[in-house]
Amino acid sequence: MSLINTIKKRRSIKAFQPNYNINQNKLNKILEAGRMAPSIYGLEPWFFLTIKDKSIIKKLSDIYMNQNNVRTSSCLIIILSLNQKGFNYFMEYKTKSRGEEHFPNNDSEKYKKYIINKDVIEKISSEQSYIALSFMMLAAEELNINTCPIAGFHKDKLKKYIKDNNLFKNIDYYEPTVSLVLGKKDNQNKPFKIRRRDNSNLIYKII
Ligand SMILES: Cc1cc2nc3c(=O)[nH]c(=O)nc-3n(C[C@H](O)[C@H](O)[C@H](O)COP(=O)(O)O)c2cc1C
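What counts and what doesn't
Residues numbered from 1 in each chain as written. Predicted model: local features only at pLDDT ≥ 70, side-chain atom pairs only at ≥ 80, totals over all residues. Helix = DSSP H or I, 4+ residues; strand = E, 2+ residues; numbered from the N terminus. Buried ≥ 20, exposed ≤ 12 C-beta atoms within 10 Å, placed from the backbone. Contact = placed C-beta atoms within 7 Å. Axes fitted to C-alpha atoms, helices over the stretch in contact; angles between N-to-C directions. Left-handed = near helix turned anticlockwise from the far one by under 90°. Nonpolar A, V, L, I, M, F, W, Y, C, P; charged D, E, K, R; others polar. Expected span 1.5 Å × (residues − 1). Near = placed C-beta within 6 Å. Core = buried A, V, L, I, M, F, W, Y, C linked by C-beta atoms within 7 Å. Arc of directions from axis to C-beta. Pairing = 2+ DSSP bridges.

Asks: Mind showing me how you'd approach the overall build of the chain here?
Replies: A tally of regular secondary structure across the chain gives 8 helices and 4 strands. The order of α-helices and β-strands along the chain, N terminus first, is α-α-β-α-α-β-α-α-α-β-α-β. A buried classification covers 29% of the 207 residues belonging to the chain. Considering only contacts in the chain between residues 6 or more positions apart, those separated by 24 or more positions represent 83%.

As structure tokens, then:
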């Protein structure tokens, strides 16, 4: 399928077939699409905590506000984005391992000073994670796996759950920003009718 048709076909699914199991090869390809997403300075400031264990997804229900599409999904990808602690560590690592070539004018020190503030770091990190989210969403659609992006969850509670249950040892370096649920859509529950502003000068202007 052409990319443009994949984009047009994708819908946010509100209910999945609860017994569907996602194929591991397909899941690997989806995660690979996320890995290949571009990011500022090539920092890749994300980690994709991928949960296929349905008993864990069930336990996370409350944190995800009991959303039906989360409860019935076959897989939940929690996208974690670097926080200030993680960012400082990564900057050292990237500069050492790759040299300065990712930094404008080969000057990492200057850019470290510019973005050293916590709020700026977490904003930048989170923005990059949404690009990875989009790449994964479209890769899934191409592989006939349905999805829904999920921002409706309690971030602090999710981080605490990950930490308390040892789901990811480096959680202190990250914050949960957004998630993606995947599965096979439940055909009884059609997505809402597609709504977009029309393709006129409301959306863009070409000069
Ligand atoms: C960043 C982001 C977060 C979203 N969070 C949720 C969510 O928590 N729960 C949900 O059911 N849908 C969520 N959605 C899906 C939107 O409701 C959906 O994209 C929108 O209604 C347009 O429908 P479509 O994706 O089928 O075209 C989210 C979408 C985006 C882009």
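Asks: Would you mind going over the packing of helix 2 (residues 24–35) against helix 7 (residues 118–142) with me for this structure?
Replies: Helix packing for two helices is described by the angle between their axes and how far apart those axes are. It is at 7 Å that the axes of helix 2 and helix 7 come closest, and there the two elements cross at 150 degrees. Considering the relative orientation of helix 2 and helix 7, their crossing is right-handed. Contacts from Lys29, Ile30, Ala33 and Gly34 in helix 2 reach Ala132, Phe135, Met136, Ala139 and Ala140 in helix 7. Along the lines of polarity and charge, the residues of the contact of helix 2 with helix 7 split into 7 nonpolar, 1 polar and 1 charged.

Asks: Quick question: what am I supposed to make of unusual backbone geometry here?
Replies: Trans peptide bonds make up most of the peptide bonds, and negative phi angles are found at most residues other than glycine. Phi at methionine 65 is positive, roughly 55 degrees, even though this residue is not glycine. Checked against the element boundaries, methionine 65 lands in the loop between helix 3 (54–59) and helix 4 (68–71). One non-glycine residue, asparagine 144, adopts positive backbone phi at about 65 degrees. Along the chain, asparagine 144 falls in the loop between helix 7 and strand 3 (146–150). The exposure class of asparagine 144 is exposed, given the 11 C-beta atoms found within 10 Å.

Asks: Honestly, helix 2 in this entry has me stumped. Any pointers?
Replies: Every α-helix carries 3.6 residues per turn, so stepping three or four residues along brings you back to the same face. Taking 1.5 Å as the rise per residue, helix 2 with 12 residues should run 16 Å; its terminal C-alpha atoms sit 16 Å apart, in good agreement. Buried residues along helix 2 sit in contact with strand 1 (46–51), strand 2 (75–82) and helix 7.

Asks: Quick question: what am I supposed to make of the site of the ligand here?
Replies: In the region of the ligand, 13 residues are neighbours, and Arg11, Ser12, Pro149, Ala151 and Gly152 sit closest. Counting residues per element, the shell around the ligand draws most heavily on strand 3, at 3 residues. Looking at the shell around the ligand, its residues break down into 7 nonpolar, 4 polar and 2 charged.

Asks: How do you make sense of the nonpolar core when you look at a structure like this?
Replies: The tendency in soluble globular proteins is for nonpolar side chains to be buried side by side. In this structure, Ile79, Met136 and Leu180 are the most contacted members of the largest nonpolar core, which totals 37 residues. Elements with a contribution of two residues or more to this core: helix 2, strand 2, helix 5 (84–98), helix 7, strand 3, helix 8 (155–164) and strand 4 (174–183).

Asks: Even after reading the chapter, I still don't get helix 8, so can you show me in this structure?
Replies: Among the residues of helix 8, those classed as buried are Leu158, Lys159 and Ile162. Buried residues along helix 8 cover an arc of 100 degrees about the axis, so they all sit on one side. For helix 8, the exposed residues lying more than 90 degrees away from the buried face are Asp156 and Asp164. Packed against the buried residues of helix 8 are strand 1, strand 2 and strand 4. One or two positions beyond helix 8, positive phi appears at asparagine 166, with a value near 50 degrees.

Asks: Help me understand the environment of tyrosine 89 in this model?
Replies: Along the chain, the position of tyrosine 89 falls in helix 5. C-beta crowding within 10 Å serves as the criterion here: with 13 such atoms nearby, tyrosine 89 is assigned to the partly exposed category. Taking the C-alpha atoms as reference, tyrosine 89 lies 8.6 Å from tyrosine 173; in sequence the two are 84 residues apart.

Asks: Could you clarify how one ought to interpret the pairing of strand 2 in this entry?
Replies: Look at any regular strand and the pattern is simple: side chains alternate between the two faces of the sheet. Within strand 2, 8 of the 8 residues are buried, leaving the element largely enclosed by the surrounding structure. Pairing analysis gives 6 bridges linking strand 1 to strand 2, with the strands arranged antiparallel. From the neighbouring strand, isoleucine 51 faces strand 2, where its bridge partner is leucine 76.

Any functional reading would require information beyond the geometric quantities listed.
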